[in-house]
Amino acid sequence: YNKTGLSLLDIGAGTGAVLGQLCSADNQVALSQYTAFEMDGDLCQELRSNAFGLGFDNRSTKISGQPFTTQTTLEEVGSRHDIVLLSNCLYGSRDKESLLEHAMKFVARGGVVLVVHRWKPRGTVDEICQRLSSKSILYHTSIFESSLDLSSLSTRQRSGLQR
């Protein structure tokens, strides 16, 4: 199996703004598989249109109109992914820690979890990270105001993301 790009699991995908940022000319992240969970029907339709506009097709794309929960199975997700992205989906969750822990089960070996969430220092996300003793969670709070900043990734990690 010769993989031509990375796989992305996008939880709380919205219209695909983060997907668009990752695939932009500035970042040039090569994705071969895209799986998304977005429970808002209108956003889900726009997401599907945006993903296809970026060159994804039915074979490389799985978009669910169901919420991602702690009960979501590997069968529903399809496979483990190189990047698991939680896009502003922790706000409404009663148990953020459990949801994040469950999402981490779908990370492929050597993969990363990206959390897009506005937080206060020493707030909820920092507490979750401490409890999980995780070093693979990257935070970025201004993704919608600027380009995605991948500078905190190691050279090896960045080279794996380049086309």
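In this report, the structure presented in the accompanying data block is examined. Only a predicted model underlies this, so the values are computations on that prediction, with no experimental measurement involved.

Criteria and cut-off values
Residues numbered from 1 in each chain as written. Predicted model: local features only at pLDDT ≥ 70, side-chain atom pairs only at ≥ 80, totals over all residues. Heavy atoms only, no water. Helix = DSSP H or I, 4+ residues; strand = E, 2+ residues; numbered from the N terminus. Buried < 20%, exposed > 50% of the residue type's maximum accessible area, 1.4 Å probe, protein only. Contact = heavy atoms within 4.5 Å. Areas by Shrake-Rupley, 256 points an atom, 1.4 Å probe, with all protein chains shown as cover. Phe/Tyr/Trp six-rings, centres within 6.5 Å; stacked < 30°, edge-to-face > 60°. Arc of directions from axis to C-beta. Pairing = 2+ DSSP bridges. Right-handed = clockwise from strand over helix to strand, strands pointing away. Core = buried A, V, L, I, M, F, W, Y, C linked by side-chain atoms within 4.5 Å. Expected span 1.5 Å × (residues − 1). Polar contact = N/O pair within 3.5 Å; in protein donor to acceptor, adjacent residues only side chain to side chain.

## Here we look at the overall build of the chain
Point 1. For the chain, the count of helices and strands is six helices and six strands.
Point 2. Of the regular secondary structure in the chain, the N- to C-terminal order runs β-α-β-α-β-α-β-α-β-α-β-α.
Point 3. Here the chain holds 163 residues, and 44% of them are scored as buried.
Point 4. Of the contacts formed within the chain by residues at least 6 apart in sequence, a portion of 73% connects residues at least 24 apart.
Point 5. Surface summary for the chain: the accessible area is close to 9,200 Å², and the carbon and sulfur share equals 47%.

## Remarks on the packing of aromatic side chains
Point 1. Taken as a whole and judged by the stated rule, the model has three aromatic pairs.
Point 2. Aromatic pair F68 and F106: ring centres 5.8 Å apart, planes at 80°, arrangement edge-to-face. Remark: F106 occurs in the loop between helix 4 (96-104) and strand 5 (107-116) and F68 occurs in the loop between strand 3 (61-64) and helix 3 (74-77); sequence separation between them is 38 residues. Each member of the pair, F68 as well as F106, is classed as buried.
Point 3. Ring pairing ties together the aromatic residues F37, F68 and F106, which thus form one cluster.

## Description of helix 4
Point 1. All buried positions along helix 4 are accounted for by K96, L99, L100, H102 and A103. One side of helix 4 carries all its buried residues, which in axial view fall inside an arc of 160°.

## Thoughts on the pairing of strand 3
Point 1. With four bridges joining them, strand 2 (residues 31-37) and strand 3 adopt parallel strand pairing. From the neighbouring strand, F37 faces strand 3, where its bridge partner is S64.
Point 2. Taken together, strand 2, helix 2 (residues 41-53) and strand 3 form a β-α-β motif whose crossover is right-handed.

## What about the nonpolar core?
The tendency in soluble globular proteins is for nonpolar side chains to be buried as a group.
Point 1. One finds L8, L19, L31, Y34, F56 and I63 to be the most contacted residues of the largest nonpolar core, which totals 21 residues.
Point 2. Only strand 1 (6-11), helix 1 (17-22), strand 2, helix 2, strand 4 (81-87) and strand 5 provide two or more residues apiece to this core.
Point 3. With near-sequence residues (within four places) excluded, L31 lies in contact with L6, S7, L8, L19, C23 and F56.
Point 4. Counting residues in hydrophobic clusters, the runner-up holds 15 residues, among them F68, V77, L86 and A103.

## Notes on the side chain of S60
Point 1. Within the secondary structure, S60 is located in the loop between helix 2 and strand 3.
Point 2. Once residues within four sequence positions are removed from consideration, S60 is found in contact with S32, Q33 and Y34.

## So, the environment of G12
Point 1. Considering the arrangement of structural elements, one finds G12 in the loop between strand 1 and helix 1.
Point 2. Separated by 56 residues in sequence, G12 and F68 place their C-alpha atoms 7.7 Å apart.
Point 3. Apart from the residues within four sequence positions on either side, G12 is in contact with F37, E38, S87 and C89.

## Examining helix 2
Count 3.6 residues to each turn of an α-helix, and residues three or four apart come out pointing the same way.
Point 1. Helix length check: helix 2, at 13 residues, gives a terminal C-alpha distance of 18 Å against a target of 18 Å (1.5 Å per residue), a fit within 8%.
Point 2. Here helix 2 has its buried residues at C44, L47 and A51. End-on, the buried residues of helix 2 take up no more than an arc of 60°, which puts them together on one face. Exposed residues on helix 2 whose side chains face more than 90 degrees from its buried face are D42, Q45 and G53.
Point 3. Tucked into the core, helix 2 has its buried residues touching helix 1, strand 2 and strand 3.
Point 4. Sitting at the head of helix 2, D40 places a side-chain oxygen 3.0 Å from the backbone nitrogen of D42.
Point 5. In the stretch just after helix 2, G55 is the one whose phi turns positive, near 105°.

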